[in-house]
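One letter stands for each residue in the lines below.
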Amino acid sequence: METTKIETTKQSVTKYSIQDYMSIGYLFLLVLGVANQAIFYGLLGVNIFEYTSVLDVLLSPLAVISSHWLMPVILAVLIPLMIGYFKLLQWYYVKLSRKEKYQSGKKKEKLDKVLKSLNKKYAVIPFILMMLICMFLGFGLGGGYKSKEKLETQKYNYTHQIVYEDGEAKEVRILGKNSLYVFYATKDNNEVQISPVEGNIKTIKKLPSKDKEE
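Here the structure is a predicted model, which means the values were calculated and not measured.

K.L.:
Quick rundown of the overall build of the chain? Include the residues and the values.
P.N.:
Of the regular secondary structure elements, the chain holds 7 helices and 5 strands. In sequence order, the chain lays out its α and β elements as α-α-α-α-α-α-α-β-β-β-β-β. Within the chain, buried positions represent 28% of all 214 residues. A separation of at least 24 residues holds for 63% of the contacts in the chain among residues at least 6 apart in sequence. Roughly 15000 Å² of accessible area belongs to the chain as shown, and the carbon and sulfur atoms make up 60% of that amount.

K.L.:
Describe helix 2 (residues 18-43), with residues and values.
P.N.:
End to end, helix 2 covers 37 Å across 26 residues, agreeing with the expected 38 Å (1.5 Å per residue, within 8%). For helix 2, the full list of buried residues reads L30, L32, G33, N36, F40, Y41 and L43. For helix 2, the secondary structure elements touched by its buried residues are helix 3 (54-58), helix 4 (60-67), helix 7 (125-153), strand 2 (169-177) and strand 3 (181-185). A positive backbone phi angle near 80° is found at G45, which sits one or two residues after helix 2.

K.L.:
Lay out the layout of surface pockets in plain terms, naming residues and giving numbers.
P.N.:
Roughly 1300 Å³ of volume is contained in the largest pocket. Looking at the lining of the largest pocket, the elements that each hand over two or more residues are helix 2, helix 3, helix 4, helix 7 and strand 2. With 7 residues, the single largest contributor to the lining of the largest pocket is helix 7. The space that makes up the second largest pocket amounts to roughly 330 Å³. Around the second largest pocket sit Y21, I24, G25, Y26, F28, L29, Y122, I125, L129 and L132, which together line it. Those elements giving two or more residues to the lining of the second largest pocket turn out to be helix 2 and helix 7. Ranked by residue count, the leading element in the lining of the second largest pocket is helix 2, at 6 residues. The residue makeup of the lining of the second largest pocket, split by class, is 9 nonpolar, 1 polar and no charged.

K.L.:
Give me the lowdown on the pairing of strand 2, citing residues and values where you can.
P.N.:
Sheet analysis places strand 1 (residues 160-164) next to strand 2, joined by 4 bridges and oriented antiparallel. In the strand pairing of strand 2, Q161 is matched with E171. The pairing of strand 2 with strand 3 spans 4 bridges and is classified as antiparallel. Directly across from K177, in strand 3, lies its bridge partner V182. In sequence, strand 2 turns back onto strand 3 through a hairpin of 3 residues.

K.L.:
Quick rundown of the packing of helix 2 against helix 4? Include the residues and the values.
P.N.:
Contact geometry of helix 2 with helix 4 gives a least axis separation of 7 Å together with a crossing angle of 60°. Accordingly, the angle class assigned to the pair helix 2 and helix 4 is oblique. Along this stretch, helix 2 crosses helix 4, giving a crossing that reads as left-handed. Contacts from L29, L30, G33, V34, N36 and Q37 in helix 2 reach S60, P61 and V64 in helix 4. Within the contact of helix 2 with helix 4, the residues separate by chemical class into 5 nonpolar, 4 polar and no charged.

Reading the values: rules and limits
Residues numbered from 1 in each chain as written. Predicted model: local features only at pLDDT ≥ 70, side-chain atom pairs only at ≥ 80, totals over all residues. Heavy atoms only, no water. Helix = DSSP H or I, 4+ residues; strand = E, 2+ residues; numbered from the N terminus. Buried < 20%, exposed > 50% of the residue type's maximum accessible area, 1.4 Å probe, protein only. Contact = heavy atoms within 4.5 Å. Areas by Shrake-Rupley, 256 points an atom, 1.4 Å probe, with all protein chains shown as cover. Expected span 1.5 Å × (residues − 1). 1 Å grid on protein atoms, 1.4 Å probe; cavity = no way out; pocket = protein on both sides within 12 Å on 5 of 7 lines; lining within 4 Å. Points joined across faces, edges and corners; volume = space filled by probe spheres on them. Nonpolar A, V, L, I, M, F, W, Y, C, P; charged D, E, K, R; others polar. Pairing = 2+ DSSP bridges. Axes fitted to C-alpha atoms, helices over the stretch in contact; angles between N-to-C directions. Parallel < 35°, antiparallel > 145°, perpendicular 65-115°, else oblique. Left-handed = near helix turned anticlockwise from the far one by under 90°.

Right under this line is the structure:
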């Protein structure tokens, strides 16, 4: 009776529900989203945590993914490819294990270890997590350095027109925005401009696309 209770306890500790995995996954993406924003704005000389609400933090993974059209495309392509690649590796090593020279000795031991690792239910997850880390941090670094360079050299096209509550209008290059603030660049100024949205900005209008940037 006691043995059954111990086994049941062990199973309840080691087994997680789908909701548990979703919560862990969201927390992981949340950390990556915050890291992406901190890196991007940090390279522009802005401490984003001074201009961020709790809601912005919670939605940071979605904000990062939606702000880069390439990211969802890469995720939609690479994740199925990675899963397919693992399936292919499993098939290949199973086929290899049937060959006579892999039936005994050190070669068999090495092959068994590889097959054991590949046959794990969630073997592909660490590789997907590593891919997400590289993507989030890479987009933060790449986007930050690119925006910083354009800000310093003034080599960019204006993307939006901001109309303030007092009627003043400015053509700007939007660098980023959240629920509270808009971060943008203006002519003859190589520092990031920050304006609160509420009680300050009336409208933000997207300008017609111009020639390709230099």
